[in-house]
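Residue-level structure breakdown
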Amino acid sequence: MDTTYYITNKNNQLLELLNTIDYCLSDAQLEEVDRIIRLKEELLANDGIHITPEQINNIISLLLSFVPKNVRKVG
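Residues numbered from 1 in each chain as written. Predicted model: local features only at pLDDT ≥ 70, side-chain atom pairs only at ≥ 80, totals over all residues. Heavy atoms only, no water.

1. Remarks on the overall build of the protein chain
- Assigned secondary structure in the protein chain consists of 4 helices and 2 strands.
- If you list the helices and strands of the protein chain from N to C, you get β-α-α-β-α-α.
- Dimensions along the principal axes, computed over C-alpha positions, put the protein chain at roughly 40 × 30 × 25 Å.
- Of all 75 residues assigned to the protein chain, the portion counted as buried reaches 21%. (Helix = DSSP H or I, 4+ residues; strand = E, 2+ residues; numbered from the N terminus. Buried < 20%, exposed > 50% of the residue type's maximum accessible area, 1.4 Å probe, protein only.)

2. A few points about the nonpolar core
- Ile-7, Leu-17, Ile-21, Leu-39, Leu-43, Ile-59 and Leu-62 are the most contacted members of the largest nonpolar core, which totals 13 residues.
- Elements supplying a minimum of two residues to this core: helix H1 (13–27), helix H2 (30–45) and helix H3 (53–65).
- Top element by residues in this core is H1. It accounts for 5 residues.
- Not counting residues within four places of it along the chain, the set of residues in contact with Leu-39 comprises Ile-21, Gln-55, Asn-58, Ile-59 and Leu-62. (Core = buried A, V, L, I, M, F, W, Y, C linked by side-chain atoms within 4.5 Å. Contact = heavy atoms within 4.5 Å.)

3. Digging into the environment of Thr-8
- Mapped onto the fold, Thr-8 is located in the loop between strand E1 (5–6) and H1.
- On a C-alpha basis, the gap between Thr-8 and Leu-43 in space is 12 Å, while along the polypeptide they are 35 residues apart.
- Sequence-distant contacts of Thr-8, defined by excluding residues within four places in its chain, comprise Gln-13 and Leu-14.

4. Some thoughts on the confidence of the model for the protein chain
- A residue-level look at the protein chain finds 96% of positions with pLDDT of 70 or above and a mean pLDDT of 86.
- Per-element confidence in the protein chain ranges from a low mean pLDDT of 76 for helix H4 (residues 69–72) to a high of 91 for H2. (pLDDT = per-residue confidence, 0-100.)

5. Considering the packing of H1 against H3
- Closest axis-to-axis distance for the H1/H3 pair is 11 Å, and the angle between their directions is 50°. Viewed along their axes, H1 and H3 adopt a mutual orientation that is oblique. In this structure, H1 meets H3 at a crossing whose hand is left-handed. Contacts between H1 and H3 involve Leu-17, Thr-20, Ile-21 and Cys-24 from the first element and Ile-59, Leu-62 and Leu-63 from the second.
- Residue classes in the contact of H1 with H3 are distributed as 6 nonpolar, 1 polar and no charged. (Axes fitted to C-alpha atoms, helices over the stretch in contact; angles between N-to-C directions. Parallel < 35°, antiparallel > 145°, perpendicular 65-115°, else oblique. Left-handed = near helix turned anticlockwise from the far one by under 90°. Nonpolar A, V, L, I, M, F, W, Y, C, P; charged D, E, K, R; others polar.)

Put into C-alpha cells, the structure is as follows:
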C-alpha cells in the first residue's frame, strides 16, 4: 500500500509554507537559491499533494537552516 503525503490546505497551511519559502528565498545565500526554487516549484506543481519523504526532509532542512545559531545551540 502506497502512502500519500500531502500538505493540507486547511487553515492555508500550503500557502503559509509557500510564503515562508519565499521569505527564506529573500534571505538565502546564492548557493541555496536553486534548491529553494526547485522545492517551491515541486510543491506548486503538485498543489502540495504527493509530497515525497525527500521533499519533507528538504522542507525541514530549509526551515532549520534559517533558525538563528544562538537558538540552535540552546539545549
